[in-house]
Amino acid sequence: MPVNARREAQVSKSHSIGKSLIKEAWWFGLVLIGLFLTVILFTYHGEDPSWVSTGPDNPLIHNAGGNVGAKISAMLLFLFGFSAWWWTVLAFYAMWFVYLKLEVVTHIEGQHSGKPFLLFNFIGFGLLLIASCALEAGHLLSLPATLPDKAGGMLGVAVDTALRGMFGYTGSTMLLLLSLIHIWHEYAGIAASNCRCA
């Protein structure tokens, strides 16, 4: 084997190992983020000090994530209500894609690069989160959850108020339900497609 060819093979092998290590690091990081979000949201306690409430003097931190976990969980629940749990879904969803070895620079079905694909996923998640918050804020009677503010959070209340002003209660309910169903269907289709490609 020529010297140049041998060097190119070594460089290619090193590059492949490096990409594999980076991918494993991303996967491990997403696992930790998903687990951390799950734990702090599940152990949220209204008496913990946070940026939305001061709590008692010398408080006992109930949140399993400590002071940081208490503040992050309160912020997420205040902004998004119970729909903040979608952030844990996003973390595990991204972890699953890394596990399937989908990279941001690969081509999806030989036509589109990974960057537009990821952009499409983030836009879809944003729309899903907005629709879920709004539906929770004005169209669900009650939820078995302790929240620092109103159901649906600040985002849900604002979106629901705007949609009700334009479409009324029935129209906004139908619009939000159809949006959730459509977005979920798109995600399910992408997931099934990538399972076949993996």
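Predicted model, so just to flag it, every value in this text is computed and none were measured.

Undergrad: Could you clarify how one ought to interpret a nonpolar patch on the surface in this entry?
TA: A cluster of nonpolar residues, Trp 27, Phe 28, Leu 32 and Tyr 99, forms a patch on the protein surface that exposes about 460 Å² of accessible area. Mapped onto the elements, Leu 32 comes out in helix α1 (residues 3–42).

Undergrad: Please explain the side chain of Ser 172 as it appears in this structure.
TA: Counting through the fold element by element, Ser 172 comes out in helix α5 (residues 153–197). Excluding its chain neighbours within four sequence positions, the residues that come into contact with Ser 172 are His 139, Leu 163, Arg 164 and Phe 167.

Undergrad: Can you walk me through the environment of Leu 178 in this structure?
TA: Mapped onto the secondary structure, Leu 178 falls in helix α5. Leu 178 gets classed as exposed once you look at its relative accessible area, which sits at 56%. For the pair Leu 178 and Ala 131, spaced 47 residues apart in sequence, the C-alpha separation works out to 9.5 Å.

Undergrad: Quick question: what am I supposed to make of the packing of aromatic side chains here?
TA: Two aromatic rings, taken as a pair, are described by how far apart their centres are and by the angle between their planes. What the rule picks out here adds up to 3 aromatic pairs. Judged by centre distance (6.5 Å) and plane angle (45°), the ring pair of Phe 82 and Trp 85 falls under tilted. Since its relative accessible area comes to 22%, Trp 85 is described here as partly exposed. With 5.0 Å between their ring centres and 70° between their planes, Trp 87 and Phe 125 make a pair best called edge-to-face. Here the residue Trp 87 occupies a position in helix α3 (residues 86–99), and Phe 125 occupies one in helix α4 (residues 114–139), the gap between them amounting to 38 residues. Through a chain of ring-to-ring contacts, the aromatic side chains of Phe 80, Trp 87 and Phe 125 assemble into a single cluster.

Definitions and limits used
- Residues numbered from 1 in each chain as written.
- Predicted model: local features only at pLDDT ≥ 70, side-chain atom pairs only at ≥ 80, totals over all residues.
- Heavy atoms only, no water.
- Patch = residues over 30% accessible without salt bridge, like charges linked within 9 Å, V, L, I, M, F, W, Y side chains within 5 Å.
- Areas by Shrake-Rupley, 256 points an atom, 1.4 Å probe, with all protein chains shown as cover.
- Salt bridge = Lys/Arg side-chain N within 4 Å of Asp/Glu carboxyl O.
- Helix = DSSP H or I, 4+ residues; strand = E, 2+ residues; numbered from the N terminus.
- Contact = heavy atoms within 4.5 Å.
- Buried < 20%, exposed > 50% of the residue type's maximum accessible area, 1.4 Å probe, protein only.
- Phe/Tyr/Trp six-rings, centres within 6.5 Å; stacked < 30°, edge-to-face > 60°.

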